[in-house]
Amino acid sequence: MEKNQVIDLEITDLSYEAMGVAHYNGMTVFVTNALPGEIVSAKILKVKKNFAFAKIEKIKKESPDRVKVELNRGVQTGLASLAHIKYDKQLAFKRNQVVNLLKKAHLENIEVGETLASPEEVGYRNKAQVPVREVNGKLEIGFFRRHSHDLVPLTNFFTTDPEIDRVLVAVRDILRKYKVPAYDEINNKGEVRYLEVRRSKSTGEMMVILVCLHKDFMQLPNVAAEVSQIPGVSGLILNYNPKKTNVILGQKDYLVFGNDQITDQIGDLKFRISPQSFFQINSLQTPRLYNLAIKQADLKPDDVVIDAYSGIGTIGLSVAKHVKAVRGIEVVRDAIKDAKDNAKLNDITNAKYYLGKAEEIMPRWAKNGLKTDVVFVDPPRKGLTPEFINATVKTGPKKVVYISCNPATLVRDLQLFQEKGYEFKRIDPVDMFPQTPHVEAVTVLTKK
């Protein structure tokens, strides 16, 4: 098998990245945008020792599960890499990810629920962070082509709220008008690195964030004056990120005009969101995710709950009305301030928030005789550390409610809890990110 060779392949499966899987002369071939049951003529793009990557030249036999989408660029970038698959099959694919990981871990006896569908299949994202680069001498916004830093210019981001797309394009045109230089990551020069827009589903207000190489730039007053005229925009923030890094946001935010927060809702609770706040991307699906976790946890009115990785308080404040007390722990100082403000905003008095590392604070509380019935965790994709798991076990809760955005690290962590005397019987997948391979999952661990 050689690069640029064109071969016929029968697609038999989907990889966890939703690439079609085929076999040819003892090698596995991953084919972008191909579906099981299809026969395709494919061009080989890259050859490794035991596998290769290819792209479709022609579909000779088409799957009935294929959707015709005018979104070739979105699929190229991985922005919506499942957009060519019927939505019910996307849900089945996500459930199968969890089933296959459990099989690998010899945990076939664990029940896996049907994937909870999202109320919106497209246009659901309440935040966009898009790179700004120069392409053919022109400032462009878009998304990087998969496995590269080549920008594919886009104006329709498909999974993002259409109002956000409108503002992204309007700000792009303002930056072009005033000849603001796009970031050049090779030489660490230029000005605007990323453009971020956040929108509240409940109020419609939007926050625009320019991620810049410098704290200020010559054209900023003119840019700000025009951005302030875009309907729906309530504030402009300059985020200062001088480092040569792949991390999008720098640590410093400067308010250029308007408000540095927007207010959104999860169910009947209001949340103030700052530029650096973590807030679930899918506003309409988030209350369904939390309600599922609360229902599966079977909370009692006298329970004391720890909300580890509490962020701005979204989970803890959603849980508060069901239990006696909530204690939130978070390492980010601004998030703790936001969580306290959000508790006040919703007249919730039984939730308190503490700055620090959960793995240090929880055992201290346990040693001082403070009881904990349930621990809620919603960690980043890398999952939990062994130190955190040990600290949770030392705290001795009856239950641990694990909300995961990465089933691979979820299954790994569940096995560590099992070894330390906790058991689980079921995992419920939740689709927070339609048109992408990502799947959220909820599990309740019970102390034996």
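Residues numbered from 1 in each chain as written. Predicted model: local features only at pLDDT ≥ 70, side-chain atom pairs only at ≥ 80, totals over all residues. Heavy atoms only, no water.

*Asks:* What is the right way to look at the UniProt feature "domain: TRAM" (unreviewed entry) in the protein in this model?
*Replies:* Per the UniProt record, "domain: TRAM" (unreviewed entry) is annotated on residues 1–58. For residues 1–58, helix accounts for 0% and strand for 60%, while the C-alpha atoms at its two ends are 19 Å apart. (UniProt positions renumbered as here; feature names shortened; annotations may be inferred. Helix = DSSP H or I, 4+ residues; strand = E, 2+ residues; numbered from the N terminus.)

*Asks:* Looking at this structure, I do not really get the packing of helix α9 (residues 386–395) against helix α10 (residues 407–419). What am I missing?
*Replies:* Between two packed helices, the angle of one axis relative to the other and the distance separating the axes together describe the packing. Remark: α9 packs on α10, axes separated minimally by 10 Å, with the N-to-C direction vectors making an angle of 40°. In terms of their interaxial angle, α9 and α10 are classed as oblique. Judged by the twist between their axes, the crossing of α9 over α10 is right-handed. Residues I389, T392 and V393 of α9 form the contact with α10, whose own contacting residues are D413, L416 and F417. Residue composition of the contact of α9 with α10, grouped by class: four nonpolar, one polar and one charged. (Axes fitted to C-alpha atoms, helices over the stretch in contact; angles between N-to-C directions. Parallel < 35°, antiparallel > 145°, perpendicular 65-115°, else oblique. Left-handed = near helix turned anticlockwise from the far one by under 90°. Contact = heavy atoms within 4.5 Å. Nonpolar A, V, L, I, M, F, W, Y, C, P; charged D, E, K, R; others polar.)

*Asks:* So what exactly am I meant to see when it comes to the sheet that holds strand β6 (residues 51–61) here?
*Replies:* By definition, the strands of a sheet pair up through backbone hydrogen bonds, in either a parallel or an antiparallel sense. Spatial strand order, β1-β5-β6-β4-β3-β2: six strands in an open sheet with mixed pairing. Both outer strands of the open sheet, β1 (6–10) and β2 (13–14), are each paired with one neighbouring strand and no more. Here strand β5 (residues 39–47) runs beside β6; their pairing, made up of eight bridges, is antiparallel. Across the sheet, residue I44 finds its bridge partner in β6, namely A54. (Pairing = 2+ DSSP bridges.)

*Asks:* Would you mind going over the sheet that holds strand β8 (residues 127–135) with me for this structure?
*Replies:* Spatially, β10-β9-β8-β11-β12-β13-β14 is the arrangement adopted by the seven strands of the open sheet, whose pairing is mixed. With one partner strand each, in any of the chains shown, β10 (151–153) and β14 (252–258) form the two edges of the open sheet. The mean inter-strand angle of the sheet, taken between neighbouring strand axes irrespective of direction, is 35°. Examined bridge by bridge, β8 and strand β9 (residues 138–144) share four bridges and lie antiparallel to one another. Following the sheet pairing, V135 is matched in β9 by K138.

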